[in-house]
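Fold and geometry: a report
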Amino acid sequence: MDVVVAGQGYVGLPLAVRAAEVGHRVVGYDVDLNRIKRLIAGDSYVEDVASSRLRAVLDTGAYSATADTAALASFDIAVITVPTPLRNGVPDLTYIETCARTVGERLRPGATVVLESTTYPGCTEELLLPILEKTSGLKSGVDFLVGFSPERIAPGNKRWSFDATPKIVSGIDAKSLEVIKGFYDGIFQTTVPVSGPRVAELAKLLENTFRLVNISLVNELATLTKALGVNAWEAIDAAATKPFGFMRFTPGPGVGGHCLPVDPLFLSWKVEQELGVPFRFVNLADDVNRHMPDYVVQRVVDGLDKRGLPVKGSRILLLGLTYKYNATDLRNSPSGRIAELLTDLGTEVRGADPNVPESDTSKLNMPRVDASPQEVAAADAVVLLMDHTRFDLAMIEKNARYVLDCRNRLSGANVETL
Ligand code: SAJ
């Protein structure tokens, strides 16, 4: 089939390349000209799509990349994989709206449109579908088919590769579901049909709300049991020996990334909009996680006090600036907030993270240094935020005068654990 994948990011590009590999003629559409230039050159910027795979489908002509909407003229299936960020706690759906208009203007009778972008329950039928009808003049369910299928990309996850991860599929009616399921059956090992787009939209939000709530639980547990003199990390490890009914999460300096701090708030926003009541679990979890940077800073202050060191003017080294273990992404990382709070207290903050691309150094709100023995030894306090495998933990243990370990990886008289 002729397939368009609108949005060639970490969700759209793997789908486009895989669809091309299984025999579809795929146009990868993106408004970012730099991305399109790199794609045409066979230079993949997505971790799980090797450039060799991209070049292979470019060479056969099964895949092409473009920013030119004229190339979207005759698709059988269009999949929308554009970003859905939050702006001040409110979902920003402008990318979906813009893309829906672009797709709608080229929609022909008999074609199908699938939304994959994470969004609130009802978005496919309340926002996407009317735009498609208005811009095309066609009738959904009669002239064209529509559905929702959430992404479950786990970048770098070797256990659950792209096609091995079960794929939820939905349609506004039986025919839409049949065609959409058939498309994804050719790409994924398992598809999971549900009764409609709202269920699929909600399932996606539930998956990440589950994580957000349970991470906030162990975060609050860590802060409270520390005061009680009980080691939460050890208790979590012990609880994790239960072979059923428990899932291990670990405390951290805060919840970053573009999924967990964002997706669940689509749910709480919709509930507030429609019902006028708060979604208390989401709001509480978000609040606990947002205050973890404050807790980390308080622990640093206490650690300096205990060592008779004035906070003002002290030199602090933050290790691990990206949002999660071994990640390269800085989005919503707690390190930024922690640096801001420590700077406001008059400390001199430096940051080290070998995973942050040089091109992203300018996004840091602190001077960037190497995680060298000299930098570690010169700091009045070291804070291990992310225990990347590229860090020399033994060197840190040996050279740090005082280290707050937010990942429970270090030991020694100079080490305190979050
Ligand atoms: N975090 C903790 N403690 C934990 C787990 C995570 O503090 O026990 C923190 C991380 O440091 C990070 C944030 O939470 O700052 C989010 O971590 P995450 O492991 O949830 O990673 P994400 O944000 O990349 O989540 C994505 C999600 N994938 C999709 O939405 C398709 C999530 O559902 C996946 O479970 C996760 O990847 C994954 O497992 O890789």
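Up top is the structure.
No experiment lies behind these values; they were computed from the predicted model shown.

Turning our attention to the packing of helix 4 (residues 94-104) against helix 5 (residues 123-136). Where helix 4 meets helix 5, the axes come as close as 8 Å, and the angle between the chain directions of the two elements is 40 degrees. Like other packed secondary-structure pairs, helix 4 and helix 5 cross with a definite hand, here right-handed. Contact residues: helix 4 offers Ile96, Glu97, Ala100, Arg101, Val103 and Gly104, while helix 5 offers Cys123, Leu127, Leu128, Ile131, Leu132, Thr135 and Ser136. When its residues are assigned to classes, the contact of helix 4 with helix 5 shows eight nonpolar, three polar and two charged.

Next up on the list: the pairing of strand 13 (residues 381-384). The two faces of strand 13 match: Ala381 and Val383 on one face and Val382 and Leu384 on the other face are all buried. Alignment of strand 11 (residues 315-319) against strand 13, held across four bridges, turns out to be parallel. Within strand 13, the residue paired with Leu317 across the bridge is Val382. Relative to strand 14 (residues 403-405), strand 13 runs parallel, the two being bridged by three bridges.

Below, the discussion takes up the nonpolar core. Ile80, Val103, Leu107, Leu128 and Leu132 are the most contacted members of the largest nonpolar core, which totals 39 residues. Looking at this core, the element that brings in the most residues is helix 5, giving five residues. What Val103 contacts, discounting residues up to four positions off in sequence, is Phe75, Ala78, Ile80, Val113 and Leu132.

We now examine the sheet that holds strand 14. Here five strands make up an open sheet; going across it, the order is 12-11-13-14-15 and the pairing parallel. Both edges of this open sheet fall to strand 12 (348-352) and strand 15 (415-417), since each of them pairs with a single strand only. When the angles between neighbouring strand axes are averaged without regard to direction, this sheet yields 20 degrees. Set on the sheet, helix 11 (residues 292-306) makes contact with strand 11, strand 13, strand 14 and strand 15; between it and strand 13 the angle comes to about 150 degrees.

A word on helix 11. In a regular helix each residue adds 1.5 Å, so 15 residues correspond to 21 Å; helix 11 covers 21 Å between its end C-alpha atoms and thus fits that length. Turning to helix 11, its buried residues are Met292, Pro293, Tyr295, Val296, Val297, Arg299, Val300, Val301, Gly303 and Leu304. Positive phi appears at Gly308, one or two residues downstream of helix 11, with a value of about 65 degrees.

Our next topic: unusual backbone geometry. Of note, Asn88 is a non-glycine position whose phi angle comes to about 50 degrees, a positive value. With respect to the helices, strands and loops of the structure, Asn88 is situated in the loop between strand 5 (86-87) and strand 6 (90-91).

Taken together, 16 residues lie around the ligand, and Lys204, Asn208, Arg211, Thr250 and Tyr323 are the ones closest in. Between the ligand and Lys204 there is a distance of 2.7 Å, counted from an oxygen atom to a side-chain nitrogen or oxygen. Between an oxygen atom of the ligand and a main-chain N or O atom of Gly256, the distance comes to 2.9 Å.

You can see Thr102 is positioned in helix 4. Setting aside its immediate chain neighbours within four residues, Thr102 contacts Tyr29, Thr69 and Leu72.

This part covers the packing of aromatic side chains. Under the definition given, this model contains five aromatic pairs. Centre to centre, the rings of Tyr184 and Phe188 are 5.9 Å apart; their planes meet at 50 degrees, and the pair counts as tilted. The two residues Tyr184 and Phe188 agree in class, both being buried. An aromatic cluster of three or more residues is present, and its members are Phe162, Phe183, Tyr184 and Phe188. Residue placement shows Arg159 over the ring face of Trp160; its charged tip is 4.0 Å from the ring centre. Seen from the ring of Tyr184, Lys167 lies directly overhead, with NZ or CZ sitting 4.4 Å from the centre.

With that out of the way, let us pick up the sheet that holds strand 1 (residues 2-6). The six strands are arranged 3-2-1-4-7-8 in an open sheet whose pairing can be described as parallel. Of all strands in the sheet, those bounded by a partner on one side alone are strand 3 (63-66) and strand 8 (145-148). The average undirected angle you get between the axes of adjacent strands in this sheet is 15 degrees. Note: strand 7 (residues 112-115) against strand 8, four bridges, orientation parallel. What sits directly across from Val113, in strand 8, is Val146. Contacting strand 1, strand 2 (25-29), strand 4 (77-80) and strand 7, helix 4 runs over the sheet at an angle of about 170 degrees to strand 4. Packed on one face of the sheet, helix 6 (residues 174-185) meets strand 1, strand 4, strand 7 and strand 8 and runs near 65 degrees to strand 8.

Each value, and the rule that gives it
Residues numbered from 1 in each chain as written. Predicted model: local features only at pLDDT ≥ 70, side-chain atom pairs only at ≥ 80, totals over all residues. Heavy atoms only, no water. Axes fitted to C-alpha atoms, helices over the stretch in contact; angles between N-to-C directions. Helix = DSSP H or I, 4+ residues; strand = E, 2+ residues; numbered from the N terminus. Left-handed = near helix turned anticlockwise from the far one by under 90°. Contact = heavy atoms within 4.5 Å. Nonpolar A, V, L, I, M, F, W, Y, C, P; charged D, E, K, R; others polar. Buried < 20%, exposed > 50% of the residue type's maximum accessible area, 1.4 Å probe, protein only. Pairing = 2+ DSSP bridges. Core = buried A, V, L, I, M, F, W, Y, C linked by side-chain atoms within 4.5 Å. Expected span 1.5 Å × (residues − 1). Near = heavy atom within 4 Å. Polar contact = N/O pair within 3.5 Å; in protein donor to acceptor, adjacent residues only side chain to side chain. Phe/Tyr/Trp six-rings, centres within 6.5 Å; stacked < 30°, edge-to-face > 60°. Lys NZ or Arg CZ within 6 Å of the ring centre and 35° of its normal.

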